[in-house]
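Fold and geometry: a report
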Amino acid sequence: MATAGPVRARPISALGERAVHALTLLGDFTLFAGRAFRSIIRRRPARHTLLSSFYKVGVRSVPVIVITGLFIGMVMAVQTYHQFHRVGMATRLGSIINITIVRELGPVLAATMLAGRVGGAMAAELATMKITEQVDALACLGAQPIHYLAAPRVLACALLIPLLTILADFMGILGGALICTRVYGIEAHFYWQHTAAFVETSDVVMGLVKAMFFGAAIGLISCHRGLFSQPGAEGVGRAATEAFVASFVVILVLDFFLTILLVGLLQWLGTGACAL
Amino acid sequence: MNSHTTSLISLRDVSLSFGPHQVLERITLDIPPGQTLAVIGESGCGKTVLLKLMIGLLQPSAGQVIFDGKNLAELGDRELTRQRLRFGFLFQGAALFDSLNVFDNVAFGLRQQEKLGPKEIEAAVRQRLEEVGLPVCRPLTPDPSPPQGRGEKMPVGERSLKAAATGETDSVAAGFSLRTPEGVEHKKPAELSGGMKKRVGLARALALDPEVILYDEPTTGLDPIMSDVINELILQTRNKRPVTSVVVTHDMKTALKVADRIVMLYPLSRLRPGELQILFDGAPQEVSACLDPRVQQFLRGEAGEWRVERGE
């Protein structure tokens, strides 16, 4: 009987511990994000750290974005053609494929690729630097680790992901068009006419705005996981995995809320314009 | 006389915990300027943590760390960074930046300061590498002209760098004759041996002409000859400039050779109730006369019955 209390209390205390841990992590992350943004606003990161991050995040992501963008467009075309063809609306495929790509698939695809290719690597790199005391060494030599390590990476992710999204959009549109016009024989004129009628600049801009948020989230999450990793090889591995998983989950959650927000904003602007 | 007023570094009732695990408890330590203090003790007793507290890389859970009259916990980021630049830190694994070569590692702190031109930085790096016995092979065109527009405003800490840049020191003069193909400045840290890494780490720690040098296990993992080379470099560094040094080590040979004072820390988990964590604090010649069996056990390097009885 004497042990019944503690045994019964154990799952509750474990739950409480987890909740406290999660809240602490969220608080840590919020403080970290605040410090990173403050650091970016106060002083531009050094040119060589920026260029190196831009190269790793931007240039080296191009091949994977090109390939995945092209194939996602082609898959979209294959998946949708038969349904639309059955109801005699195959020429409308241009609008449905391209609006899906610029609004959703392009930004999410670019962000997912970035999280997988860059996020995990950044977290592992920073975690290794941390456990080998290189982060402490930076602080001892007059460089603030957040400014020197996190700021250029976050900036690179946030600023370059819109460009990668444009590339993903372009390749997706190209892939969809190739399959529709060359394989399924849809008249190119009608395909593009419907695209032009339905896809608006605001759709593209909405995708790019969302991508920028995704990029900032990937950069912040990956740097945070890296700089606060646990010691040892296991800690580095866990940091890389957590960076990718957390980034991916946050991309989808952010996508939902940003879509609601931006669609609402567009509608409000539309009604405002009509009222005027 | 209050010892705090004459101390450069002062720890007052410092405690530190990582979550539920307490590492340091009520440590009080005053280090006067110019002293070389060796902190000894077995692995896990909190020696490295003590060093990181001194430079503000860790904040104490309780108590104060005072450096040159300033409580490190009360300093803002910018001021803390400024104070840290008065320290040089030789890390246990050297902590060289993997992505940079030896030259860029040693030049890192100087470049962060943005006070010296490329040629002055190159000369300063050359001098530091030669000081630690690593001659460089990169040809250097000596530029004896002082930097434009700085003149009298150059801070005290940069004088030796400037001297190096203008070729006024013996070691730089010697450096020109030591130009050999074995120069290491282009090598990445992964290509260096353990001893070379430590020497590059020391060169990097010395690059900013620090007032205090913190050595974390400087001879760990090195062969006896290289260990002695590092000990000699510590002595040479102390003799060349008026630095205060704190050497964390479990190598008694190092402690006895380089230190003016030895402090022995003991793991909190094995202390008897009410005991202080510092078991010994005195001159190196007094340590062998200390009657505490735990100090004697450490000096002899024996596992001993005391530990075996407890299954440790």
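Fair warning: this is a prediction, and the values are worked out from it, not measured in the lab. (Residues numbered from 1 in each chain as written. Chains lettered and ligands numbered in written order. Predicted model: local features only at pLDDT ≥ 70, side-chain atom pairs only at ≥ 80, totals over all residues.)

**A word on the overall build of chain B**
For chain B, the count of helices and strands is 13 helices and 10 strands. At a minimum sequence separation of 6, the contacts of chain B that also span at least 24 residues come to 69%. (Helix = DSSP H or I, 4+ residues; strand = E, 2+ residues; numbered from the N terminus. Contact = placed C-beta atoms within 7 Å.)

**Structural notes on the overall build of chain A**
When helices and strands are tallied, chain A shows 9 helices and 0 strands. In chain A, the order of α-helices and β-strands from amino to carboxyl end is α-α-α-α-α-α-α-α-α. Dimensions of chain A, computed from the C-alpha atoms along their principal axes, are close to 75 × 60 × 45 Å. Long-range contacts, defined as pairs at least 24 residues apart, comprise 88% of the intrachain contacts of chain A with a sequence gap of at least 6.

**A short note on helix 9 (residues 224-240) of chain B**
All names here are of chain B. Helix length check: helix 9, at 17 residues, gives a terminal C-alpha distance of 24 Å against a target of 24 Å (1.5 Å per residue), a fit within 8%. Along helix 9, the residues classified as buried are S227, I230, N231, L233, I234 and T237. The buried residues of helix 9 occupy one face: seen down the axis, they fall within an arc of 155 degrees. Turned more than 90 degrees from where helix 9 packs its buried face, P224, I225 and N239 sit exposed. Elements in contact with the buried residues of helix 9: helix 8 (194-206), strand 7 (212-216), strand 8 (244-248) and helix 10 (252-258). (Expected span 1.5 Å × (residues − 1). Buried ≥ 20, exposed ≤ 12 C-beta atoms within 10 Å, placed from the backbone. Arc of directions from axis to C-beta.)

**Digging into the sheet that holds strand 2 (residues 21-31) of chain B**
Residue and element names in this part refer to chain B. The sheet built from 4 strands is open, its strands ordered 2-1-4-5 with antiparallel pairing. One side of each edge strand has no neighbouring strand; the edge strands of this open sheet are strand 2 and strand 5 (70-71). Docked against the sheet, helix 2 (residues 47-54) engages strand 1 (9-18), strand 2 and strand 4 (62-67), running at close to 120 degrees with respect to strand 1. (Pairing = 2+ DSSP bridges. Axes fitted to C-alpha atoms, helices over the stretch in contact; angles between N-to-C directions.)

**Observations regarding the interface of chain A and chain B**
Each side of the interface is counted separately: chain A has 11 residues, and chain B has 16 residues. For the side of chain A that touches chain B, the residue count by class is 5 nonpolar, 4 polar and 2 charged. (Nonpolar A, V, L, I, M, F, W, Y, C, P; charged D, E, K, R; others polar.)

**So, the nonpolar core**
The nonpolar side chains of a soluble globular protein tend to be buried, and buried together. Judged by nonpolar contacts, the single largest core of 150 residues is most densely connected at A:A110, A:A111, A:L114, A:V154, A:C157, A:I161 and B:L214. When residues in this core are grouped by element, the largest group, 20 residues, is from helix 4 (residues 93-131) of chain A. Here this core gathers at least three residues from each of two domains, domain 1 (32-58 + 76-86 + 211-308) and domain 2 (102-191) of chain B. Ignoring anything within four residues of it in the chain, the contact list for A:A111 reads A:I161, A:A211, A:F214, A:G215, A:I218 and A:I251. (Core = buried A, V, L, I, M, F, W, Y, C linked by C-beta atoms within 7 Å. Domains from an automatic or database assignment.)

**Notes on the sheet that holds strand 3 (residues 36-40) of chain B**
Residue and element names in this part refer to chain B. Pairing is mixed across the open sheet formed by 6 strands, whose spatial order is 6-7-8-3-9-10. With one partner strand each, in any of the chains shown, strand 6 (87-90) and strand 10 (278-282) form the two edges of the open sheet. Strand-to-strand twist in this sheet, taken as the mean axis angle between neighbours without regard to direction, amounts to 10 degrees. Note that strand 3 and strand 8 share 4 bridges and pair parallel. Bridge pairing in strand 8 links L37 to V246. Across the sheet, helix 2 touches strand 3, strand 7, strand 8 and strand 9 (261-265), and the angle it forms with strand 8 is around 150 degrees.

**Here's the deal with the pairing of strand 2 of chain B**
In this sheet, strand 2 of chain B lies alongside strand 1 of chain B in antiparallel orientation, the contact comprising 7 bridges. Counted as the bridge partner of B:V14 is B:I27 from strand 2 of chain B.

**A closer look at unusual backbone geometry**
With a phi angle near 65 degrees, A:E133 is a residue other than glycine that sits in the positive phi range. Note that A:E133 resides in the loop between helix 4 and helix 5 (134-140). A tally of 21 C-beta atoms within 10 Å means that A:E133 is categorised as buried. The backbone of B:D209 sits at a positive phi, close to 55 degrees, despite the residue not being glycine. Mapping B:D209 onto the fold places it in the loop between helix 8 and strand 7. Note on B:D209: 22 C-beta atoms within 10 Å, which makes it buried.

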